[in-house]
Amino acid sequence: TFEQRYVRRSGGQVTERSFDLAFRTLPVKGMMRRLERAGFTVDRILGDYRGRPWDERAEVWILLATKRR
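Quick caveat: nothing in here was measured; it's all calculated off a predicted structure.

Focus: the pattern of salt bridges
For the structure shown, the criterion picks out three salt bridges. Here Glu16 ties to Arg5 by a salt bridge, and the two come within 3.6 Å at their closest N and O atoms. Here Arg5 lies in strand S1 (residues 2–10) and Glu16 lies in strand S2 (residues 13–21), a separation of 11 residues in the sequence. The exposure class of Glu16 is partly exposed, given its relative accessible area of 46%. You can call Arg5 exposed: its relative accessible area is 58%. Here Arg52 ties to Asp48 by a salt bridge, and the two come within 2.3 Å at their closest N and O atoms. Taking the relative accessible area as the measure of exposure, Asp48 reaches 15% and is therefore buried.

Notes on the pairing of S2
Along any regular strand, the residues point their side chains to alternate faces of the sheet. Burial of S2 is sparse: only zero of the nine residues sit out of reach of the surface. Here nine bridges tie S1 to S2, and the two strands are oriented antiparallel to one another. Across the sheet, Arg8 pairs through a bridge with Thr15, a residue of S2. The loop that links S1 with its antiparallel partner S2 comprises two residues; one of these, Gly11, has a positive phi angle of about 55°.

Observations regarding helix H1 (residues 28–37)
For H1, the set of buried residues is Val28, Gly30 and Leu35. Here the buried residues of H1 occupy an arc of 165° about the axis, which is enough to place them on one side. Residues of H1 that are exposed and point over 90 degrees away from its buried face: Lys29 and Arg37. Phi for Gly39, located one or two positions after H1, is positive at around 95°.

Definitions and limits used
Residues numbered from 1 in each chain as written. Predicted model: local features only at pLDDT ≥ 70, side-chain atom pairs only at ≥ 80, totals over all residues. Heavy atoms only, no water. Salt bridge = Lys/Arg side-chain N within 4 Å of Asp/Glu carboxyl O. Helix = DSSP H or I, 4+ residues; strand = E, 2+ residues; numbered from the N terminus. Buried < 20%, exposed > 50% of the residue type's maximum accessible area, 1.4 Å probe, protein only. Pairing = 2+ DSSP bridges. Arc of directions from axis to C-beta.

Written as structure tokens, this is what we have:
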């Protein structure tokens, strides 16, 4: 769970909202199955934001997928 704060400044007026975000993560294979069931083809799995390959030690995983026609 992450505590977030959204601040908007417009014309000298400031609006602030606080909220919590709860994340639920799935294993990579589980997320791939969900995407495939939804009509996507998983093209690549990345292990960071620089495009390096994913492996089980990666702190991040990014799935690049294409919607099937």
